[in-house]
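Below are the chains, spelled out letter by letter.
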Amino acid sequence: MTMDDSEVNPVRLGIVGLGRAFMLMLPTFMGDERVRIAGAATGSLQKQRAFAAQFGHSAVSDTAALLANPDIDAVYIATPHELHRQNVVDALRANKHVLVEKPMTITSADAAAITGAVRESGREVIVGPSHSFDKPIVEAAKLIASGKYGPVGMINAHYYTDFVYRPRRPEELDRAHGGGVVFNQGAHHVDILMTLAGSMPIGVYGSVGDFDSRRPCDGAYSALVEFSNGCVGSITYSGYAHYDSDAEQGWIGELGTRKAADSYGVARQRLQQVDNEVAAKESRGFGDTGDNGPAAVAHEHFGTIIISCEKADIKPTAEGIHIYADDGYEFIPLPLEGSPRAEVISELYRVVRCGEKPVHSAARGYLNVAVCEALYESFRHRRRVALRPDEEGESALVTFV
Ligand SMILES: NC(=O)c1ccc[n+]([C@@H]2O[C@H](COP(=O)([O-])OP(=O)(O)OC[C@H]3O[C@@H](n4cnc5c(N)ncnc54)[C@H](O)[C@@H]3O)[C@@H](O)[C@H]2O)c1
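Everything quoted here is computed from the prediction, not taken from an experiment.

1. Quick word on helix 11 (residues 342-354)
Phase 1 of the analysis: Its 13 residues place the ends of helix 11 17 Å apart at the C-alpha level, agreeing with the 18 Å of an ideal helix rising 1.5 Å per residue.
Phase 2 of the analysis: For helix 11, the set of buried residues is E343, V344, I345, E347, L348, Y349, V351 and V352.
Phase 3 of the analysis: G355 lies just past helix 11 and shows a positive phi near 70 degrees.

Set out below in structure tokens:
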């Protein structure tokens, strides 16, 4: 079956992890005929009840029981990062395709376990959603790949948000558990760079910032990522809720929703009023108040990105692509049609129903993890870390030079 066939055979999806990430994907799953939520695994009785009420399927308490269900084609894994390796490998061995949240894992050893399980199982892994699925990024990558503007030499990306002050589980702020912005948000930046540069990352020089002693965590990073085609990507992220780069997107937030320009300091103030932070985080998941906020009016985005090619600077935004070329300026509008995350379902459908290989594959997820890991190594040793591609050119080994 191809994507052009008119009859849609929905992917029957099982869910593992009914928290915040699932809530963010839920409108996309619900609004797309190419996918149907067919089961879930959760230890929470409250979530089991809420799931049965909303979807008409009982949620099981044991992930193994969900994976044994023959009426499930693929599994969406949205558990805490550290569980991804085990969850993904178990799902592959149970013959399911997998959509796993970013970051794929928090060590390259765990990522290698997943790429190995992909090879053995013949099933596929898609890592997503991530902001490299965003249409303006995809279209900008096509413009670069067309060669019209010459080779890409430099990509400058920055994003300043309130990440540090959103309600969190303790592990989300603990480096030992993949907490902080490097694995959480760097995974987006690295994925965007790989999409736009269109080549292998080969070196990383990076630094990590922990700027608020009242809330210790890796809340910022800045890194240079070198690619084999000569392109250099510069990525900077700060989650300290001072400057807000959504101002540069006409006050459209990361999820494509409108944001009040006068909401300065809100995350910090709200957190100060929270007594039980774990419960506050939990309440943003499924089966609780689960408020998803307003609907998107534009594409999702990940802050400011300027791509310098030989003959143009290209700037994708939530609303379109600005091109500052030798022969003049052009804006390509990209109005939102449907869900900003529809491309995640397109890739899932192509993999499960059309037998295609994923773009956001486990091998690519491995590279992403290796870059984030190398960023930490670089910071620890204050030197550039080289990534050496393996013989098949699909994964990377981290070495020091
Ligand atoms: N792409 C995005 O926009 C986005 C947004 C948020 C989170 N995420 C990613 O999603 C993942 C989860 O983050 P979150 O914010 O949703 O966390 P969360 O705490 O809100 O949700 C995690 C869920 O997993 C469940 N869980 C924990 N252990 C489990 C187990 N052994 N079996 C089954 N379920 C289990 C928890 O009960 C909870 O419901 C992380 O990897 C994060 O990086 C992605």
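On we go.
2. Overview of the site of the ligand
Phase 1 of the analysis: What surrounds the ligand is a group of 23 residues, the closest being G17, G19, R20, A21 and E101.
Phase 2 of the analysis: For the shell around the ligand, the element with the most residues is helix 1 (residues 20-30), which contributes three residues.
Phase 3 of the analysis: Classifying every residue of the shell around the ligand gives nine nonpolar, nine polar and five charged.
Phase 4 of the analysis: The residues that make up the shell around the ligand include at least three from each of domain 1 (11-129 + 342-361) and domain 2 (132-340).

3. Quick notes on the environment of S121
Phase 1 of the analysis: Looking at where S121 falls in the secondary structure, it is placed in helix 5 (residues 108-121).
Phase 2 of the analysis: Here S121 falls in the partly exposed class, since 18 other C-beta atoms lie within 10 Å of it.
Phase 3 of the analysis: Sequence separation between S121 and R93 is 28 residues; the distance between their C-alpha atoms is 6.1 Å.

4. So, the domain arrangement of the protein
Phase 1 of the analysis: Taken domain by domain, the protein consists of domain 1 (11-129 + 342-361) and domain 2 (132-340).
Phase 2 of the analysis: The straight-line distance from the C-alpha centre of domain 1 to that of domain 2 is 24 Å.
Phase 3 of the analysis: Every contact between the two is made by 23 residues of domain 1 and, on the other side, 17 residues of domain 2.
Phase 4 of the analysis: Of all the secondary structure elements, the ones that give two or more residues to the side of domain 1 that touches domain 2 are helix 1, helix 2 (45-55) and helix 11.
Phase 5 of the analysis: With five residues, the top contributor of residues to the side of domain 1 that touches domain 2 is helix 1.
Phase 6 of the analysis: Taken together, the residues that form the side of domain 1 that touches domain 2 break down as 11 nonpolar, six polar and six charged.

5. Digging into the sheet that holds strand 2 (residues 35-41)
Phase 1 of the analysis: Taking strand neighbours across the sheet as the criterion, the five strands line up as 2-1-3-4-5 in an open arrangement whose pairing is parallel. Of all the strands in the sheet, the pair left with one neighbour each is strand 2 and strand 5 (125-127). Neighbour-to-neighbour, the strand axes of this sheet turn through a mean angle of 25 degrees, independent of strand direction.
Phase 2 of the analysis: Note: strand 4 (residues 97-100) against strand 5, three bridges, orientation parallel. Looking across to strand 5, one finds that L99 is bridged to I126.
Phase 3 of the analysis: Of the strands in this sheet, strand 1 (11-16), strand 2, strand 3 (74-77), strand 4 and strand 5 are in contact with helix 11, which crosses strand 1 at around 115 degrees.

6. Looking at the nonpolar core
Phase 1 of the analysis: V98, L196, L348, V371 and L375 are the most contacted members of the largest nonpolar core, which has 109 residues in total.
Phase 2 of the analysis: If you tally residues by element for this core, the top one is helix 12 (residues 362-381), at 12 residues.
Phase 3 of the analysis: Of the residues that make up this core, three or more belong to each of domain 1 (11-129 + 342-361) and domain 2 (132-340).

7. A closer look at the packing of helix 8 (residues 186-197) against helix 12
Phase 1 of the analysis: Contact geometry for helix 8 and helix 12: axes closest at 10 Å, N-to-C directions at 120 degrees. Between helix 8 and helix 12, the angle is such that the two are oblique. Note on packing geometry: the crossing formed by helix 8 with helix 12 is right-handed. Taking contact as the criterion, the partners of G186, A187, V190, D191 and M194 in helix 8 are, on helix 12, R364, L367, N368, V371, C372 and L375.

8. Quick look at the environment of G153
Phase 1 of the analysis: Looking at the element boundaries, G153 is found in strand 6 (residues 152-160).
Phase 2 of the analysis: A C-alpha to C-alpha distance of 5.6 Å links G153 and C309, two positions 156 residues apart in sequence.

9. Section: helix 6 (residues 135-146)
Since the α-helix turns once every 3.6 residues, residues separated by three or four places project in the same direction.
Phase 1 of the analysis: The terminal C-alpha atoms of helix 6, which comprises 12 residues, lie 16 Å apart, in line with the 16 Å expected from a rise of 1.5 Å per residue.
Phase 2 of the analysis: On the buried face of helix 6, the contacting elements are strand 6, helix 8, strand 10 (304-309), strand 11 (312-317), strand 12 (320-325) and helix 11.
Phase 3 of the analysis: Residue G147 follows helix 6 closely and has a positive phi angle near 80 degrees.

Conventions and cut-offs
Residues numbered from 1 in each chain as written. Predicted model: local features only at pLDDT ≥ 70, side-chain atom pairs only at ≥ 80, totals over all residues. Helix = DSSP H or I, 4+ residues; strand = E, 2+ residues; numbered from the N terminus. Expected span 1.5 Å × (residues − 1). Buried ≥ 20, exposed ≤ 12 C-beta atoms within 10 Å, placed from the backbone. Near = placed C-beta within 6 Å. Nonpolar A, V, L, I, M, F, W, Y, C, P; charged D, E, K, R; others polar. Domains from an automatic or database assignment. Contact = placed C-beta atoms within 7 Å. Pairing = 2+ DSSP bridges. Axes fitted to C-alpha atoms, helices over the stretch in contact; angles between N-to-C directions. Core = buried A, V, L, I, M, F, W, Y, C linked by C-beta atoms within 7 Å. Parallel < 35°, antiparallel > 145°, perpendicular 65-115°, else oblique. Left-handed = near helix turned anticlockwise from the far one by under 90°.

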